[in-house]
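Per-entry structural report
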Amino acid sequence: MTTYIIRRVLQAVIVLIIVTLIVFFVIRLLPGDPLIIYVAQTAQLQAMPPEMIEELRVQYGLDKPIMVQYANWMLDMFRGDFGESIYYHEDVSQLMAERFPVTLHIGISSLIVGAIFGILVGVITAVRRGKWLDKILTPLTYVGITIPVFFLGILMIYFFGVKLGWLPISGYTSPFENFWLNTRQLVMPVICMSFFSIAANARQMRSSMLEVISQDYIRTAWSKGLTERAIILKHAMKNSLIPVITLVGVGVGILFSGSVLIETIFAIPGVGRLLVSSIFGQDYVVVQAITLVIAVAILVVNLLVDISYGWLDPRIRYG
Amino acid sequence: MKKFLVIPAALILVCILVFSGCGGDETSTPATTTPTQTTPTTTEPTTPPAGTPVYGGTLRCVSGAIPNNLGYPPEKAPSDNYLMLPVLERVAEWDEDGNMIPVLAESWETDADALTITWHLIQGVKFTDGTDWNAEALRWNFQLGIDHNTLTDGQYVESLEVVGEYALTMHLNSFSWMMVENYGLIQVISPTAFESSGTTDEARTEWARANAVGTGPFTVAEWMRDDHIKFEKNPDYWQEGLPYLDAIEIRYIPDAMVAAATMEAGDADLWMAVSTVQNIIDLQDQGLKINWGPGMFVTLLPDSSNPDSPLAIKEVREAIEYGLNRPAIAEMLGQGLYEPLHQMASSTWPGYVEGYDPRPYNPEIAIGLLDQAGKSAGLTLKVMATSAGTDAVAAIQSYLGEVGITIEPDIADLGRYFGAVFGTGWTDLVFTASGINPSTTDLFIHYGPSPMTFRTGNIYKSPEYLALCAEALDPMYTNVLEALPKIKEAIRQAGEDAMIVPLWRTAEACIMQTYVHSEYPKIHGIMWSPEDDWMEAH
């Protein structure tokens, strides 16, 4: 097991280095000068002579050869210095500290909702295969997988926000400031973000459960006269979870990509919206830092998912 | 198995209870007391006569922009400026006719011979940190702008002299009426608050980006970057009996559809600076109030100073104007809310030349002009635009295709677009939008002899046009009204030269609930008097 973890960590480091290279060089392939974009957007261009723009270029290290810029960035990363945003004039670590908790709050809530409801729907539709509940829920999972997040968001805003007036349409309030307002504000974004994972988890869980409940040991359990609850919860469900756990791991990546849309639609100041505005403004340091942190998060979660297989199914051995 | 059904049912029930049970809304209800001297109160509602301002309430605004820099002038974007007007006031500003009116100044004197402007400041005003607003504070603010090269026309300031506690003289090396406007529009911060906020320049700058101490009717109570800003009433505001509101909250909602839904649901009282035509029409149809702003001046700018470009030929530029049915395109894009342009001015602008339409839509003349230019076989031109201009460029492409000009749209990301328009220049044509102010300074800012924005040198400007611009800025004129005849001559000359291709003026609106009374942004997109805003009981 230890050997396996060390090997996976080393692989993760290699992936991370590749990610840094891709992010660093790809964003620099975009046409346009980040300083010109910044000064144009802030209307400072009208008063900023070329020599002052060059001073800014030196200040942000953009005057150096690109390989030197990369090396400096990596060295700063090792020192825990993510740099300063060109647009916000703020430490990137400070910007991320403001935004990541918001995104994680929504994302983790969505992951939990997606996992709980997905597994529940999967179990129910498998156990009640061919019955009316299965006939209703299974087609709904197709809808859940195919409906675009932004469209669902707009529909929910229209019905629950505008027409029924049940929920606030946009914004984010800290739960420590106003718990109930925060809860109400989170309902639509969390449902939107978890809709896909509920459907995907349900479909995966259903097929996995169907396979497990046709196994001999389940038939044996039935013949022993165990209750349905005991058979499903103790014997069938745990063994059906491995593919779903994989999906939950993948869901962390979807969480961050989904946050880009969700945070824009619901005007939530999270890391997804920061990433979008930074890409448009070519705020190199912010894009690089956020991408790196997201990559680390996905790698760590996937590592944990891989390790959890052994717990879920002792037959799995790590070589 | 029934228990498996019970669990989701219970969860759904809990969710419904959470949605609806906690459904207290945050609608602010202002108390309806009539103003009494300087002691506003938020209790004992009464019913004032219609149109009489009442005190109290929080004005909940939504906006597609939010201040990211509260109080550090050298790095301020336009949205940082006008959205911080509740806190940071100007020395002077425009009225609806484009005349300068005093705010923190009492008056000013200009002396074109001595090359001086002297500002006389109102007395008894304090910054919200308790320090005095005086000539030294103004000097410090001007100097900050000059040192950072962000004071418009700051290069003409030789020195700043405090000539009295409330009088400051600017010694200049040149003079034009425009300088009073450019200097007077400065928003001032408290020098003491800034200087005492840190021991190093870096620390002070960092502090000022997140804090604003001004003389305004409100103070910053809460700010969350890219999310919201809340202003609270300044109880010691220098204008007696103002402001009416207890607070103003501006929430950042970048998506127009969501902002419209927020207004429709009654979750906001006012939506600032709306340019999406369909939203304006929809909300107007629902009975919401609209304040019309100036909109944007939309044009095609040619690469006419490049001798190798076909656009260096005047007939080609004229053919483009004749080939475009601007009223039809404006009607289509703006659903009746855009004003088609025929000259380098909109009808809302002081320099507008009444009845001047040198090149109305006429495809036959356009084809003839292309023949004269030796382009009878047709020509191909690129039009650079951002994604926001896609529909407009498609319409232009369609019309110009009819007269033999093939348009190749070049839809650029912001980086490449800004880089080209403000930095390296463009090829053929670029689709642009620029601001319109109630004075005429934007003529010089965008299209003058030394423009601040479109300064890449792509646009050919005739000696006659440049001479008229220079004459309009002659020191003998002390204000825009005196210079107006020359400005109109310059506009006409630009039209004769086919210097640019004016297209249309877009719509800009502020949408508000019926109980809100606000002048924002009637005068201009950057003018707002939040101390005068108020809300009826609702």
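It should be emphasised that the depicted structure is a prediction, and the values quoted were computed from it without experimental measurement.

Turning next to the overall build of chain B. Per the secondary structure count, chain B includes 16 helices and 21 strands. Relative to its full complement of 538 residues, chain B shows a buried share of 49%. Summarising the internal contacts of chain B: among those between residues at least 6 apart in sequence, 69% fall at separations of at least 24.

Quick look at the overall build of chain A now. Across its full length, chain A carries 12 helices and 0 strands. Its C-alpha atoms give chain A principal-axis dimensions of roughly 85 × 55 × 35 Å. For chain A, with 319 residues in total, the buried portion stands at 40%. Across chain A, the fraction of contacts at a sequence separation of at least 24, relative to all contacts at a separation of at least 6, is 73%.

As a further point, take the sheet that holds strand E6 (residues 157-164) of chain B. Residue and element names in this part refer to chain B. If you trace the 4 strands from one edge of the open sheet to the other, you get E4-E5-E7-E6, paired in antiparallel fashion. The two strands at the open ends of the sheet, each matched to only one other strand, are strand E4 (105-111) and E6. Averaged over all pairs of adjacent strands, the angle between strand axes in this sheet comes to 15 degrees, irrespective of strand direction. By the bridge criterion, 6 bridges tie E6 to strand E7 (residues 167-172) in an arrangement that is antiparallel. Within the sheet, the bridge partner assigned to Val157 lies in E7 and is Leu172. Relative to E6, helix H3 (residues 135-147) is tilted by about 170 degrees, and along the sheet it contacts strand E5 (116-121), E6 and E7.

Moving on, we get to the nonpolar core. Of all hydrophobic cores here, the largest spans 232 residues; its most connected members are Val123 of chain A together with Trp271, Val383 and Ile511 of chain B. Considering each element in turn, this core owes the most residues, 15 residues, to helix H8 (residues 179-213) of chain A.

A few words on the sheet that holds strand E19 (residues 509-512) of chain B. Note on sheets: strands pair through backbone hydrogen bonds, and any given pair is parallel or antiparallel. All names here are of chain B. The sheet built from 7 strands is open, its strands ordered E8-E9-E10-E1-E11-E19-E12 with mixed pairing. Bordering the open sheet on either side are strand E8 (218-224) and strand E12 (289-292), each of which pairs with just one other strand. Here the strands of the sheet are splayed against their neighbours by 20 degrees on average, with no regard to which way each runs. For strand E1 (residues 58-63) and strand E11 (residues 270-274), the ladder comprises 2 bridges, and the chain directions are parallel.

This part takes up unusual backbone geometry. All names here are of chain B. A cis amide bond, omega 0 degrees, links Leu242 with the succeeding residue Pro243. Positionally, Pro243 belongs in the loop between strand E9 (228-233) and strand E10 (247-252). Unlike most non-glycine residues, Asn149 shows phi in positive territory, near 60 degrees. Of note, Asn149 is situated in the loop between H3 and E6. Accessibility expressed as a C-beta count within 10 Å gives 15 for Asn149, which makes it partly exposed.

Attention now goes to the domain arrangement of chain B. All names here are of chain B. Segmenting chain B into domains produces domain 1 (3-28 + 70-194), domain 2 (208-294 + 508-535) and domain 3 (296-505). Contact with domain 1, which involves 31 residues of that partner, is made by 27 residues of domain 2. For the side of domain 1 that touches domain 2, the elements supplying multiple residues, two or more each, are helix H2 (78-83), strand E2 (92-94) and helix H5 (191-195). The element that contributes the greatest number of residues to the side of domain 1 that touches domain 2 is H2, accounting for 4 residues. Looking at the side of domain 1 that touches domain 2 residue by residue, the class counts come to 19 nonpolar, 6 polar and 6 charged.

About the criteria used
- Residues numbered from 1 in each chain as written.
- Chains lettered and ligands numbered in written order.
- Predicted model: local features only at pLDDT ≥ 70, side-chain atom pairs only at ≥ 80, totals over all residues.
- Helix = DSSP H or I, 4+ residues; strand = E, 2+ residues; numbered from the N terminus.
- Buried ≥ 20, exposed ≤ 12 C-beta atoms within 10 Å, placed from the backbone.
- Contact = placed C-beta atoms within 7 Å.
- Pairing = 2+ DSSP bridges.
- Axes fitted to C-alpha atoms, helices over the stretch in contact; angles between N-to-C directions.
- Core = buried A, V, L, I, M, F, W, Y, C linked by C-beta atoms within 7 Å.
- Domains from an automatic or database assignment.
- Nonpolar A, V, L, I, M, F, W, Y, C, P; charged D, E, K, R; others polar.

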